[in-house]
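# Structural features, examined
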Amino acid sequence: MTAPTPTTDAESALKESGHGDGPRPQSTGEKILRRTGRAIIVAFWVMVVAFMLIRLSPGDPVTAALGGDAAPETVEALRKTLGLDVDPLTQFWQYFTGLFQGDLGASLISGIPVTEMLRTNLPVTLWLILTTVVMTLVISIPLAMFIALARIPGLPYVFRTLTAIGLALPSFLVALILLYQFGLVWGIAPIFGYDPTFPANMQYLWLPALVNCVVLVPVLSRVLYSSILDTLDEEFVETGVIRGVRSFRFFWFYVLRPSLAPTVVLLSYMMGVMVGSTVILEIIFALPGIGRELVTAVTMRDYPVVQGIILVFGILVVFLSLLGDIVASILDPRVKLT
Amino acid sequence: MSANPVPGVSPDSLVEIRDLVIGIQRTRKDRLIIVDSANFDIRRAETLGLVGESGSGKTMVCRSLIGTLKRRSASIFAGSIIFDGLDLANLDERQWRPVRGNRIGYVPQSALTGPNPVMTVGKQLGEAVRRNRKRKDKDVRKRGMELLDLVHIRRPEVVYDQYPFQLSGGMRQRVMIAAAIAQDPDIVVADEPTTGLDVTVQAEIMKLLQEIRSEFNMSVVLVSHDLALIDEVCDRLVVMHAGTCVEVGTVPDVASTPLHPYTIALNRSRIDIATPGAPLVTIKGNPPAVGEWPPGCRFAERCDLVQEDCAVGRNPALVEVRPAHWSACLHTELLGGSHG
Amino acid sequence: MTLVGAGTADWFDVEGTVPTPKKARRLKDGTVGLVVGLVMLILLLIMGLLVPLLSPYTIEQSIDMPFLPPSSTFWFGTDGLGRDVFLRVFDAVYLDLGVALLGVMIPFAIGTIVGIGLAVGRSKVLNAIVGSIIDGINAFPLLVLAIALIALLGPGLQSVVIALSLTNWARYARLARTRAMVVKQQGYIEAAQTLGYSKPRILFKHLVPNVSSETTAYALSDLILVILLIAGLSFLGLGAQPPTAEWGAMISDGRPTFQIAWWPVIFPGLALCWAGVSLSFIAEGLTRRERDVKS
């Protein structure tokens, strides 16, 4: 032992007992902190991309909005409104400082501040995402547990086929068919409208969430199923049996919890993809979320709104994947976060 | 597979394993036999070594002692395991509960995957201490610390709240031993407990098992493929080959006059570090695959001393060739031992 | 994310000795899926070629009988403008698949070049900036970013391809960079360097082929996503414009009248699913076979 370095209790305990091996693994708290730091950096670059998108991409937003033959004064005026009349660095500074004051600009069409629009529309999208996550887990976990414990031969094959099909289904087609069947034929789901208060909004959200489940459930339950099988192979399950651990405690601590981490990480990743498809679902189900607002803004060429909404979408995905990694590392301390 | 000269009947026999047959029922008619005719005793407060190549069925015999064969879709087809008036071969899940973990402890094979990765050391010890009974948290913690202290873990109060991944391999295995002895069992079954550990740590774990055995008067069943290790720490040993016990005896007896060519071959294949330049001897051929056992002696094909009558008929049974020293070889006279 | 999973080999203590019947003559894992997928794809491609050739109508031609249900003359019925759905569905095969292919190949090429460049490049500052932009782009859902870009470029399939090229490359770049970093560490690159091979030779003989094998595998599954994405954008009215026969646009067209006539929606939808599922089976089959060879 050369230079004395400050050690924590855990570390010295290892050393004293004479069989410490390698560097001490990070504690869950440290891992989460580092992962959050990385998410913040990515979020910054998300802001940069959202900023550059309007300014650096081919096609000038002003000409695109006004058409080629607009009067020079009108062009100048719009340039000023969009803040495009100063040099890019100043623009970025204005944009960046504006963000922290909750200023995302205002709609060119209605003049309503983008943050104001988000206040009413973002909750709808968040509720849709939340409902999807809950519904997917509620279906996938019991399904995977049942299938893993029932040990039906040939099932992995069925699973693989279903996953391959599920991943290739266009969600807008599934949405149309389900909306027709549930909404018009059986009349058990409203075909449009929304109620922003909690239990009432479920009435409008369960069907779009179900559409997401069509893709998510086969993928997730397949992954969970195979990790449960892997877990059941592990020796610690045996030690649990020998300690006489039974029923719920056994299923949670010895079967499900050690298996959940890969599923949670995958779910958070898949939700990132699903966030994109909520745009289409919001249009089909006429939900007043930010996805529908985005498409409207795009067709109206309302750039401040477009920029604000894609920024929110980007941050949302960064947050979802951070959340997934955090939950996974709390559930299973073996998980390494990068 | 006859059992006429029953090996090891002795007043201090704690467990008597007789003609044990273990296998997997693959389809209604198709049985895959993994162990047939395991015959040996476990005596009170002894360290018994169970040695053999992988595939010899030693792990399966181990599982039958702790009643976890079913989890591996295997079951006992015949034979008996008599432990304190109970036949462990015929217990159902409910009857197993008071035995498993209470009277027979288990130390898992791998320190890496033995402890539950998502529970703290304390939680796992707590389960072993509580065993579904209601006990005050304070008492459980106190007993947990005591156990950690018994297995020589320093700063038990720190380790108690740590997760297995924060501990070294040796520490983890100490924790597993602590959990195994939580109920003060009669027997501790340790299935290759030092797999994947450093040599120095291996020695420490072995020392610890020895210590616990003498302190608490427990029997230890130590499974290993390492004959040198068995020689060092065990009182008696059982040599297994292709699903049968081929030799049973005390360690000094087996070391001085091995009575089965397989044991001799195992001894010879040990790496001799002390003699530089000594050739590395391996046992020729592979052990016969499970389900493809030849008639007669299953070692015949690999044996240097094979005779005409070796590879015919049934698998030879254990015979007490010398006092308290059994062998399943038909031609022990060729090995220098006196027959009968 | 890494999970520890050792120590499970000794399952029956007879590892590998349990005889599996007919192991030698068994088909490789995934072969069935691969064959089914290929047959489905080839069928679609043949129909896409033959139907427009043999049809007596054109895709824009109306027979003045809107919403004819499927019959022996019009197998998939007619749409609201009296056009033959059968013809339009199969006419769209090469458009949909072709645009998707373009939307994968361009990002694939850009991404691979950028990724390898980052891995072999020396400038730390440039690496950090480009790397962060890649992370920033990848954080967005592809569809959202594509929609935003189309806002600037104006709707149309051309814009879709440009939007995809500008965004999707980042995913390939990330993959290629990671892979190139791994390949760079490998022994044979070092060996080639010791032997004094020129840099371009090492780059093109060793690095590029090894990296692109990985990105190609990803490209196949990406193709499915891009097919769905293009149809989705057209469904939103941001991709193919009428009267182009394109699956997403056709579904969007038929949507208001779905209640009275399901066929103008369902048949293009089925074709879209068919294309996606066939590629999905191929991708699944290929990965399975790969794993089978390795194990």
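What you see is a predicted model, and the numbers here were worked out from it, not measured in a lab.

What counts and what doesn't
- Residues numbered from 1 in each chain as written.
- Chains lettered and ligands numbered in written order.
- Predicted model: local features only at pLDDT ≥ 70, side-chain atom pairs only at ≥ 80, totals over all residues.
- Helix = DSSP H or I, 4+ residues; strand = E, 2+ residues; numbered from the N terminus.
- Expected span 1.5 Å × (residues − 1).
- Buried ≥ 20, exposed ≤ 12 C-beta atoms within 10 Å, placed from the backbone.
- Arc of directions from axis to C-beta.
- Contact = placed C-beta atoms within 7 Å.
- Core = buried A, V, L, I, M, F, W, Y, C linked by C-beta atoms within 7 Å.
- Domains from an automatic or database assignment.
- Nonpolar A, V, L, I, M, F, W, Y, C, P; charged D, E, K, R; others polar.
- Axes fitted to C-alpha atoms, helices over the stretch in contact; angles between N-to-C directions.
- Parallel < 35°, antiparallel > 145°, perpendicular 65-115°, else oblique.
- Left-handed = near helix turned anticlockwise from the far one by under 90°.
- pLDDT = per-residue confidence, 0-100.
- Pairing = 2+ DSSP bridges.

Residues and elements named next belong to chain B. An ideal rise of 1.5 Å per residue puts 20 Å on 14 residues; helix α4 (residues 137-150) measures up with 20 Å between its terminal C-alpha atoms. By the burial criterion, the buried members of α4 are G144, L147 and L148. End-on, the buried residues of α4 take up no more than an arc of 100 degrees, which puts them together on one face. Exposed positions of α4 whose direction lies more than 90 degrees from the buried face are K138, D139, K142 and D149. Packed against the buried residues of α4 are α3 (121-130), α5 (156-159) and α6 (169-180). After α4 finishes, the residue H152 shows a positive phi value of roughly 60 degrees.

Looking now at the nonpolar core. In terms of nonpolar packing, the biggest core is built from 168 residues, with I310(A), A146(C), I147(C) and L149(C) touching the most fellow members. Two domains share this core, each providing at least three of its residues, namely domain 1 (38-92 + 271-295) and domain 2 (98-244) of chain C. Listed in part, the 96 residues of the second largest apolar core include V15(B), L148(B), I205(B) and V246(B).

The next subject is the interface of chain C and chain A. Across the contact, 50 residues belong to chain C and 50 residues belong to chain A. Those elements that place two or more of their residues in the side of chain C that touches chain A are α3 (124-139), α4 (142-153), α7 (199-235) and α9 (263-294) of chain C. When residues in the side of chain C that touches chain A are grouped by element, the largest group, 11 residues, is from α4(C). Its residues placed into classes, the side of chain C that touches chain A shows 35 nonpolar, 12 polar and 3 charged.

The next thing to look at is the domain arrangement of chain C. All names here are of chain C. Per the domain assignment, the segments making up chain C are domain 1 (38-92 + 271-295) and domain 2 (98-244). Computed over C-alpha atoms, the centres of domain 1 and domain 2 are 29 Å apart. With 8 residues of domain 1 at the interface, the matching set in domain 2 holds 8 residues. For the side of domain 1 that touches domain 2, the class distribution of residues is 5 nonpolar, 2 polar and 1 charged.

All names here are of chain C. Mapped onto the secondary structure, V104 falls in helix α2 (residues 85-120). Judged by C-beta crowding, with 22 C-beta atoms within 10 Å, V104 ranks as buried. Through-space distance from the C-alpha of V104 to that of S234 is 17 Å; in sequence the pair is 130 residues apart. Apart from the residues lying within four places of it in its own chain, the contact partners of V104 are A219, D222, L223 and V226.

To continue, consider the packing of helix α9 (residues 198-233) of chain A against helix α11 (residues 247-284) of chain A. All names here are of chain A. Closest axis-to-axis distance for the α9/α11 pair is 9 Å, and the angle between their directions is 160 degrees. Of the possible angle classes, the one that applies to α9 and α11 is roughly antiparallel. Between α9 and α11 the crossing geometry is right-handed. Across the interface between the two elements, P208, V211, N212, L216, V219, L220, V223, L224, S227, I228, T231 and L232 from α9 touch V255, P258, S259, P262, T263, L266, L267, M270, M274 and L281 from α11. Taken together, the residues of the contact of α9 with α11 sort by class into 17 nonpolar, 5 polar and no charged.

Our next topic: α3(C). Because each turn of an α-helix spans 3.6 residues, side chains separated by three or four positions end up pointing in the same direction. With 16 residues, α3(C) extends 22 Å between its outermost C-alpha atoms, agreeing within 8% with the 22 Å of an ideal straight helix rising 1.5 Å per residue. Within the span of α3(C), buried status applies to I134(C), G136(C), I137(C), N138(C) and A139(C).

Before going further, it helps to spend a moment on unusual backbone geometry. Between P242(C) and the following residue, P243(C), the backbone shows a cis peptide bond with an omega angle of 10 degrees. Structurally, P243(C) can be placed in the loop between α7 and α8 (247-254). Residue S247(A) is not a glycine yet carries a positive backbone phi of 45 degrees. For S247(A), the position within the fold is in helix α11. What makes S247(A) exposed here is the crowd of 8 C-beta atoms within 10 Å. The phi angle at A286(A) is positive, at roughly 50 degrees, despite the residue not being glycine. Its place among the elements puts A286(A) in the loop between α11 and α12 (290-300). According to the C-beta neighbour criterion, A286(A) is partly exposed, with 14 such atoms within 10 Å.

Moving on, we get to the environment of E215(B). Residues and elements named next belong to chain B. Along the chain, E215 turns up in helix α7 (residues 199-216). When the 10 C-beta atoms within 10 Å are taken as the criterion, E215 is described as exposed. Residues E215 and V290, 75 residues apart in the sequence, show an inter-C-alpha distance of 40 Å.

What follows concerns the domain arrangement of chain B. All names here are of chain B. Taken as a whole, chain B is organised into domain 1 (13-103 + 183-334) and domain 2 (111-182). Look at where the C-alpha atoms of domain 1 and domain 2 centre, and you get two points 29 Å apart. The interface is formed by 15 residues belonging to domain 1 together with 14 residues belonging to domain 2. For the side of domain 1 that touches domain 2, the element with the highest residue contribution is α7, accounting for 6 residues. When the residues that make up the side of domain 1 that touches domain 2 are grouped by side-chain class, the tally is 9 nonpolar, 4 polar and 2 charged.

Okay, the confidence of the model for chain C next. Residues and elements named next belong to chain C. Summary statistics for chain C give a mean pLDDT of 81 and a share of 89% for residues scoring 70 or more. Taken element by element, the predicted model of chain C shows its lowest mean pLDDT in helix α6 (residues 187-194) (76) and its highest in α2 (91). With pLDDT under 50 throughout, residues 1-24 is counted as low confidence; its partners more than four residues away or in other chains account for 46 contacts. In the model output, the complex is listed with pTM 0.81 alongside ipTM 0.80.

Quick look at the pairing of strand β3 (residues 47-51) of chain B now. All names here are of chain B. Extensive coverage of β3 is indicated by the burial of 5 of its 5 residues. With burial as the criterion, each face of β3 is covered, one bearing T47, G49 and V51 and the other bearing L48 and L50. Judged from the 5 bridges that link them, β3 and strand β8 (residues 219-224) form a sheet pairing that is parallel. When the bridges of β8 are listed, G49 appears paired with L222.

Further remarks concern the sheet that holds β8(B). Residues and elements named next belong to chain B. Read from one edge of the open sheet, 8 strands run β6-β7-β8-β3-β9-β10-β12-β11, paired in mixed fashion. Two strands lie at the open edges of the sheet, namely β6 (104-107) and β11 (319-322), each paired on one side alone. Across this sheet, the average inter-strand angle for adjacent strands is 25 degrees, counted without regard to direction. Looking at chain direction, strand β9 (residues 236-241) and strand β10 (residues 244-250) are connected through 6 bridges and run antiparallel. If you follow R236 over to β10, its bridge partner there is T250. Contacting β3, β6, β7 (187-191), β8 and β9, helix α1 (residues 58-66) crosses the sheet at an angle of about 150 degrees to β7.

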